[in-house]
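# Fold and contact review
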Amino acid sequence: MVYLIKDIISHLESIAPPPYQESYDNSQLLVGNPDSPVEGILCALDVTEAVVEEAKSKGCNLIIAHHPILFKGLKSLTGKNYVERTVIKAIKEDIAIYAIHTNLDAVDQGVNQKIAKKIGLSETRILAPKKGVLTKLTTFIPKEKAGEVLQALYKAGAGNIGNYSHCSFQTEGQGSFLPMENAQPSIGSRGKEEMVTEKRVELMFPSHLQSKIIHELKVAHPYEEVAYYLHPLENEHQDVGSGMIGHLPEPLSGMDFLEHLKKSMGLQVLKHTAILDKKVSKVALCGGAGIFLLGRAIKSRADVFVTADVKYHDFFEADQQILLADIGHYESEIYTKELLKDLLSQKFSNIATYLTNIVTNPISYL
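Residues numbered from 1 in each chain as written. Predicted model: local features only at pLDDT ≥ 70, side-chain atom pairs only at ≥ 80, totals over all residues. Heavy atoms only, no water.

## A closer look at the nonpolar core
In globular proteins that are soluble, nonpolar side chains generally tend to be buried together. We apply this condition: By nonpolar core is meant a set of buried Ala, Val, Leu, Ile, Met, Phe, Trp, Tyr and Cys residues that side-chain atoms within 4.5 Å join together. Partly exposed residues are those whose accessible area sits between 20% and 50% of the maximum for their type, while under 20% is buried and over 50% is exposed, using a 1.4 Å probe and protein chains only. When checking whether two residues touch, look at their non-hydrogen atoms; a contact exists if any pair is within 4.5 Å.
Of all hydrophobic cores here, the largest spans 53 residues; its most connected members are Ile8, Ile64, Phe257 and Leu261. Setting aside residues up to four positions removed in sequence, Ile64 forms contacts with Ile8, Leu12, Ile41, Leu42, Cys43, Ala44, Tyr98, Ile100, Leu340 and Leu344.

Structure representation (C-alpha cells):
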C-alpha cells in the first residue's frame, strides 16, 4: 500500500492533536507537498542541513522532527543562517519536514511519558492537566434509538474519562414537537403534535473533535432536526497537559537517584540543587524548559523535579523543599525520536523508518 505524507500526519495528529500545541508553537508540515507518496521516514529531534543530507542518503523523503525548524516568519530565503540553508536544502532535495512539538509534549503518551519510562516510573499521570479543552454535549434521542446513536458518538471520540470509555448520563422523559408543512418527519406526521419517549443524553468530549462529533450525531440520529446543545467545560483534561509525575519502583537516596538518572538518560553531566536528607520516591519531570512547573511539582509533594534550561536564580526557588535536577534540553528530549519511530512503525510497518544518527546538540561539554 502506498501512503502519502498526509496519511502519516493524520496518524500522528490523531495521537497529538494540533489544538494541544502552545500558541507560540509551529507544529505542522513546514516543507513539502502533503500529497506526495512517502518513500522513507527519518525521525529526529532537530532538523539541520546534516539531517537533511542523512535523510537523502537513507532514501527518506520525509523528516519527522520534534522541534520546528521554522518558528518565526521568513522574509527571505538567501541562506544567511542555518534555518534558511536547511529549508533551501530540503526543498532542493524534495524532502518534506513535519514538526510535532508541544502537542506531543502535552499528551499522556507523549514526550514526558517516554522520559518517565526511561527513568523507570510507574503510576504516572500528567503533572499539570490542561483546562478549557473539553466540551459537554447534551442531546435528546428516541428511547429505542438511544443505544445506536450513543455507539456512533463513542466511536467518534465522545464519552472518554481517564481510563474509562462509553461514559454518559441518561435520563428519560417526554419530547414534544409538531412537524410543519415542509417537514419530513421520521416519527409522526405534518400538522400533528407528537409526544415521544426520549433519552436525554449528556457526555463529554475533547473540544477539537466538535465538528466530527456533531456530524456523527446528525448522521446517526433518526430525527430530521436534531436538538442538542454544547457547553464548554473548565474541567481539567486528565490526559492532556504539562509535565508528568510518577513513582520509582523503590525509594532511593538523593545521590543514588541522581546516579540512576544519569545512567538511565545517558547523561554526561547534570546540574542539581543540594541533596536533601530524605529518600526519593515520587518524581516529577518535564522535557525541555519546564521550570514553570516547579511550583506544581512542590505542591504535588514530589521529592525531585527533573527538567532542563534552569536559570541560576531559578535554582533558589527549590528552597530546600525539593531536589531540582537540570539534565539539559537536548538530553531530556533526545529519546523523542525513538517515540516517533515507535508510533510510526506500529501503524506503517511497510515504510522504512529510521532514527537520525546526527547529534544536533549545539552544546558541548569539556
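## Quick look at the packing of aromatic side chains
Note the cut-off: The pairing test for Phe, Tyr and Trp rings, Trp by its six-membered ring, is centres within 6.5 Å, and the orientation test on the planes gives stacked under 30 degrees, edge-to-face over 60, and tilted for anything in between. Counting from the N terminus, the helices are DSSP H or I runs at least four residues long and the strands are E runs at least two residues long.
Per the counting criterion, the structure on display carries 4 aromatic pairs. A ring pair is formed by Phe140 and Tyr229, whose centres lie 6.3 Å apart and whose planes are at 50 degrees; its orientation type is tilted. Taken together, the residues Phe140 in strand 6 (residues 134-142) and Tyr229 in strand 9 (residues 228-233) connect sequence positions 89 residues apart. The exposure class of Phe140 is partly exposed, given its relative accessible area of 23%. For Tyr229, a relative accessible area of 33% translates into the label partly exposed. Ring centres of Phe177 and Tyr223 lie 5.5 Å apart, and the angle between their planes is 65 degrees; on these two criteria the pair is classed as edge-to-face.

## Some remarks on the pairing of strand 4 (residues 96-99)
The criterion, for reference: Between any two strands, pairing holds if DSSP finds at least two bridges. If the strands point away from the viewer and the path from the first strand over the helix to the second runs clockwise, then the crossover is right-handed.
Residues Ala96 and Tyr98 point to one face of strand 4 and Ile97 and Ala99 to the other, with burial holding for every one of them. Bridging between strand 1 (residues 29-31) and strand 4 involves 2 bridges; their strand directions are antiparallel. In the sheet register, Val31 faces strand 4, and the bridge partner there is Ile97. Summarising the sheet, strand 3 (residues 62-65) and strand 4 pair through 4 bridges and their orientation is parallel. The partner of Leu62 across the bridge, within strand 4, is Ala96. Assessed by its sense of winding, the connection that carries the chain from strand 3 through helix 3 (residues 82-92) to strand 4 is right-handed.

## Describing the environment of Ile214
Secondary-structure assignment places Ile214 in helix 7 (residues 210-220). Spatially, the C-alpha atoms of Ile214 and Gly243 are 32 Å apart, while their sequence positions differ by 29 residues. Those residues in contact with Ile214, other than ones at most four positions away along the chain, are Leu137, Tyr228 and Leu230.

## Some remarks on the pattern of salt bridges
Keep this limit in mind: Note on definitions: salt bridges are taken to be side-chain nitrogens of Lys or Arg within 4 Å of carboxyl oxygens of Asp or Glu.
Counted according to the given criterion, the structure contains 13 salt bridges. Put simply, Glu54 and Lys58 hold a salt bridge, and the shortest N to O gap is 3.1 Å. For Glu54, a relative accessible area of 7% translates into the label buried. Residue Lys58 is classed as partly exposed on the basis of its relative accessible area of 28%. The salt bridge partner of Glu202 is Arg200, with a shortest N-O separation of 3.2 Å.

## Looking at the layout of surface pockets
Definition in use: The method works on a 1 Å grid over the protein atoms by themselves. A cavity is a set of points holding a 1.4 Å probe that cannot get out, a pocket is an open set with protein on both sides within 12 Å along at least five of seven lines, and residues with an atom within 4 Å of a point line them. Grid points are joined across faces, edges and corners, and a volume is the space filled by probe spheres set on the points. Throughout this entry, Asp, Glu, Lys and Arg are counted as charged residues, while Ala, Val, Leu, Ile, Met, Phe, Trp, Tyr, Cys and Pro are counted as nonpolar. The remaining residues, Gly among them, count as polar.
Estimates place the volume of the largest pocket at around 650 Å³. In terms of lining residues, the largest pocket is bounded by 31 residues, among which Asp46, His67, Tyr82, His329 and Pro362 are the most central. Breaking the lining of the largest pocket down by element, the ones donating at least two residues are helix 3 and helix 11 (329-333). When residues of the lining of the largest pocket are assigned to their parent elements, the largest contribution, 3 residues, is made by helix 11. Along the lines of polarity and charge, the residues of the lining of the largest pocket split into 16 nonpolar, 9 polar and 6 charged. Taken as a whole, the second largest pocket spans an internal volume of roughly 480 Å³. If you trace the second largest pocket, you find 18 residues lining it, with Ser14, Ile15, Pro17, Tyr20 and His237 closest to the centre. Looking at the lining of the second largest pocket, the elements with two or more residues in it are helix 1 (5-15) and strand 10 (236-252). Taken together, the residues of the lining of the second largest pocket sort by class into 8 nonpolar, 7 polar and 3 charged.

## Thoughts on helix 7
Test applied: When we speak of the arc, we mean the arc of directions from the helix axis to the C-beta atoms.
What helix 7 keeps buried is the set Ile213, Ile214, Leu217 and Ala220. Each buried residue of helix 7 lies within a common arc of 135 degrees when the element is viewed along its axis, so the set occupies one face. More than 90 degrees from the buried face of helix 7, the exposed residues found are Ser211 and Val219. Those residues of helix 7 that are buried lie in contact with strand 6, helix 6 (146-156), strand 8 (194-206) and strand 9.

## Let's talk about a nonpolar patch on the surface
We apply this condition: Think of a patch as exposed residues, more than 30% relative accessible area, with no salt bridge, where like charges cluster within 9 Å and nonpolar side chains (Val, Leu, Ile, Met, Phe, Trp, Tyr) cluster within 5 Å. Residue-level accessible areas treat just the shown protein chains as cover; the underlying method is Shrake-Rupley with a 1.4 Å probe.
On the surface, Leu74, Leu77 and Ile91 cluster together into a nonpolar patch covering about 260 Å² of accessible area. Here Ile91 is to be found in helix 3.

## Considering the sheet that holds strand 12 (residues 280-289)
To keep things clear, this is the line we draw: Angular values range over 0 to 180 degrees, each being the angle between N-to-C directions of two axes fitted as lines to C-alpha atoms, with helices fitted over their stretch in contact.
In spatial order, the strands read 5-10-12-13-14-11; together these 6 strands make up an open sheet with mixed pairing. Looking along the sheet, the strands with just one partner apiece sit at the ends: strand 5 (122-131) and strand 11 (271-272). Judged from the 7 bridges that link them, strand 5 and strand 10 form a sheet pairing that is antiparallel. Paired with Arg125 across the strands is Ile245, a residue of strand 10. Each of strand 5, strand 10 and strand 12 is contacted by helix 5 (residues 111-119), which is oriented at about 140 degrees to strand 12, the strand it contacts most. Lying over the sheet, helix 8 (residues 254-264) contacts strand 10, strand 11, strand 12, strand 13 (304-308) and strand 14 (323-326), oriented at roughly 115 degrees with respect to strand 10.

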